[in-house]
Amino acid sequence: MTPLNPVSEAALTARIEQLPALPTIANELLASFDQDDIDVDTLARRISNDQSLAAHTLRIANSPFYGLSGKVGAIPDAIVILGFRTVRSLVLSAAMAQSLGRVGNGEFDSHRFWRHSTSVALFARGIARLCRENPEVAFTAGLIHDMGRVLLGTCFPEQYRQVIDWQRDRDCPTMEAERAVLGLDHCVAGGLLARRWCLPANLAGAIARHHLPDGDTCLRLADVCHWADVLAHALAPNPGPLGAVPPVSADAWERLGLDWAQVPPLLQDVQRDLEETCLAFAA
């Protein structure tokens, strides 16, 4: 099929190069994933020096998401109470949310997007706990899994309006509509942005493959994000034109070793935390 209004990877890459870079501390935290000897005190001071990012992180730390309302007053306190890995994921999540939030509006419904992304992040955290994976890395991956949609929807608003119309008229998955109109999809766009931000391989893979986790190399975090995304879509009220449940991978479910009996309690946890967590990230 010839795309209706194609966007080339070269054009998309050029737009990505114009986006604001992540804060320096975010890059330092990303580098710490591969470091065995981490100077936590120095990183805590660096986080604290970015007042906007520190305040955003503390609002999240004090949300019902962590059950610590009013108990975390500074970044070092957060590290003592929550642990460095958790705080690192919170800071990275806040930094990426802030950077993407500055991309623009265009035809993109940012409120609906961040609500869905937060829901996926909460589901990903819960699934990761069930599968004995790192819940904070899973939360970060869930929060940014659809960042390719932001790029396409805000950088190419006219074309993305056609994507929305195409999907609404044909009741098809988002990726099918994106490929029909643009010639590429938000997973490709997200993968390109992950490369620009030099994200760790597991996060980049989850972004690029959360709709298509099966392949020659199966990525555990992509499996987690895939099913978190499916559950968030399936259980969302009034999902909107881009909210249809995407095709599912039974193989990913089997690889994760999940049981359907675990879903209702997970749903209750997400429903309990979603509203306040959305407010924390939006603050």
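An account of the accompanying structure is given in this report. Since the structure is predicted, the reported quantities are computational estimates derived from the model, not experimental observations. (Residues numbered from 1 in each chain as written. Predicted model: local features only at pLDDT ≥ 70, side-chain atom pairs only at ≥ 80, totals over all residues. Heavy atoms only, no water.)

Scanning the protein chain for helices and strands turns up 16 helices and zero strands. Taking 2.2 N^0.38 as the reference for a compact globule, 283 residues should give roughly 19 Å; the C-alpha atoms of the protein chain span a radius of gyration of 18 Å, in line with that estimate. Looking at the protein chain as a whole, 52% of its 283 residues are labelled buried. For the protein chain, long-range pairs separated by at least 24 residues make up 69% of all intrachain contacts whose partners lie at least 6 apart in sequence. Counting every atom, the protein chain has about 12,700 Å² of accessible surface; 51% of that belongs to carbon and sulfur. Here the protein chain holds 24 positive side-chain charges and 33 negative ones, and the gap between their average locations is 3 Å. (Helix = DSSP H or I, 4+ residues; strand = E, 2+ residues; numbered from the N terminus. Rg over C-alpha atoms; globule rule 2.2 N^0.38 Å. Buried < 20%, exposed > 50% of the residue type's maximum accessible area, 1.4 Å probe, protein only. Contact = heavy atoms within 4.5 Å. Areas by Shrake-Rupley, 256 points an atom, 1.4 Å probe, with all protein chains shown as cover. Lys, Arg positive; Asp, Glu negative; His and termini not counted. Charge placed at Lys NZ, Arg CZ, Asp CG, Glu CD.)

Going through the model one piece at a time under the given rule, you end up with 13 salt bridges. Its salt-bridge partner being Glu-17, residue Arg-196 comes within 3.6 Å of it at the nearest N-O pair. One end of the pair, Arg-196, is in helix 12 (residues 186-196); the other, Glu-17, is in helix 1 (residues 9-17), and 179 residues separate them in sequence. In this structure, Glu-28 and Arg-46 form a salt bridge, with 3.0 Å as the shortest nitrogen-oxygen distance. Of the two residues, Glu-28 is situated in helix 2 (residues 24-32) and Arg-46 in helix 3 (residues 40-49); the sequence distance between them amounts to 18 residues. Residue classification places Glu-28 among the partly exposed residues on the basis of a relative accessible area of 28%. Each of Arg-125, Asp-269, Arg-272 and Asp-273 takes part in a single network of salt bridges with overlapping partners. (Salt bridge = Lys/Arg side-chain N within 4 Å of Asp/Glu carboxyl O.)

Turning to helix 13 (residues 201-209), a few remarks are in order. When we look at burial in helix 13, the residues that qualify are Leu-203, Gly-205, Ala-206 and Ile-207. Contacts from the buried residues of helix 13 go to helix 8 (135-144), helix 9 (147-155), helix 12 and helix 14 (220-235).

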